[in-house]
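Notes for the structure review
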Amino acid sequence: MKYASEDQEGSAAEQTAGPRSPAPERSGRAAHPTPSAHEEHEGTRNKVARSILDHGPSTAAELALRLELTQAAVRRHLDALAAEGVVEPREQRVYGARTRGRPAKAFALTDCGRDAFDQSYDQLAADALRWIAQTAGGGEMGEAAVAAFARARLAAQAEGYRQAVDGAEPEARAKALAEALTADGYAATARSAPNSQLGEQLCQHHCPVAHVAEQFPQLCEAETEVFSRLLGTHVQRLATIAHGDGVCTTFIPKAGHAAPKAGRPAHRTTTKTTTASARTAGRKPA
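**Looking at the nonpolar core**
Core analysis: the largest hydrophobic core is formed by 30 residues, its most contacted members being Y161, L177, L181 and L202. Looking at this core, the elements that each hand over two or more residues are α5 (121–135), α6 (139–166), α7 (173–183), α8 (210–215) and α9 (218–231). Ranked by residue count, the leading element in this core is α9, at 7 residues. Apart from residues lying up to four places away in sequence, Y161 is in contact with L177, A180, L181, D184, Y186 and L230. Counting residues in hydrophobic clusters, the runner-up holds 16 residues, among them A60, A64, L81 and V87.

**Considerations on unusual backbone geometry**
Even without being glycine, E68 reaches a positive phi, approximately 60°. Assignment of secondary structure puts E68 in the loop between α2 (60–67) and α3 (71–83). Using a relative accessible area of 69% as the deciding quantity, one classes E68 as exposed. In this structure, A187 is a non-glycine residue whose phi angle is positive, near 45°. If you trace the backbone, A187 turns up in the loop between α7 and β3 (188–192). Judged by relative accessible area, A187 falls into the partly exposed class, the value being 33%.

**What to know about the environment of R173**
Looking at the element boundaries, R173 is found in helix α7. For R173, a relative accessible area of 28% puts it in the partly exposed group. For R173 and L230, which are 57 residues apart along the polypeptide, the C-alpha to C-alpha distance reads 8.8 Å. Beyond its immediate sequence surroundings of up to four residues, R173 is in contact with V165, A168 and L231.

**Things to note about the sheet that holds strand β6 (residues 248–253)**
Overall, antiparallel pairing links the 4 strands, which are arranged β3-β4-β6-β5 in an open sheet. Every other strand in the sheet has two partners, leaving β3 and β5 (236–239) as the edge strands with one partner each. The mean angle between the axes of side-by-side strands here comes to 25°, regardless of whether they run parallel or antiparallel. On the sheet, α7 packs against β3, β4 (199–204) and β6 and is oriented at approximately 160° with respect to β3.

Thresholds applied
- Residues numbered from 1 in each chain as written.
- Predicted model: local features only at pLDDT ≥ 70, side-chain atom pairs only at ≥ 80, totals over all residues.
- Heavy atoms only, no water.
- Core = buried A, V, L, I, M, F, W, Y, C linked by side-chain atoms within 4.5 Å.
- Buried < 20%, exposed > 50% of the residue type's maximum accessible area, 1.4 Å probe, protein only.
- Helix = DSSP H or I, 4+ residues; strand = E, 2+ residues; numbered from the N terminus.
- Contact = heavy atoms within 4.5 Å.
- Pairing = 2+ DSSP bridges.
- Axes fitted to C-alpha atoms, helices over the stretch in contact; angles between N-to-C directions.

Any link to function would need more than the numbers given here.
Here it is as structure tokens:
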């Protein structure tokens, strides 16, 4: 569930009197599409989650009052949000004399629920890398400092990937690496290149750091270097999400074949093997 922008107008609040009849269509004008029941529920559910974000842990009664809904309706939405792992019930703190009966449960957002709203992690990461570059003196020294950070960041991940790759047969190593990357959220696959006799393509359909890598290609370069070491061969980045491509694509040549030049399909290149240089790895990684 992603709430990206909660500034949008939500759907109408639930009514206890039952569904309303649609307004008559005016002559000569097309009627506006009526939101489905599912869309209305989703819109109201998002409002419930947003209200908890804005006001902190809340009871069903407090939410019903703020959103002008019945408590029964609010509880249905809270049950659904709890089943999705977006909210969790907590015992409400009682200050002063405790009244009779069980204290009402307050519902709070989980970490997953908070992550569904807009975050500034990308900006924070970009600011941190910019600070590293400036502190190192800027220019080439700053770029080198960011590259060193990128390599250090991938070192721990690379060890986990190495176990998967080393445990696979040589012809299945690209697939093993793709599966390890998928477990880390990269949605990766391995498939034959357009000319299967030349090699394979490692495709990453998602990149968690794409927005930051757009500003700091050292992240892509370090990843390419890791792939080359893990697979024991020179590889070539052909495209990257960070530079506007739909998929990050890395060409893995078979023994005796060359990696293609950047921007060219794998099956058109038969020249000597090239390494993934900083220029190509950061320019259009795939």
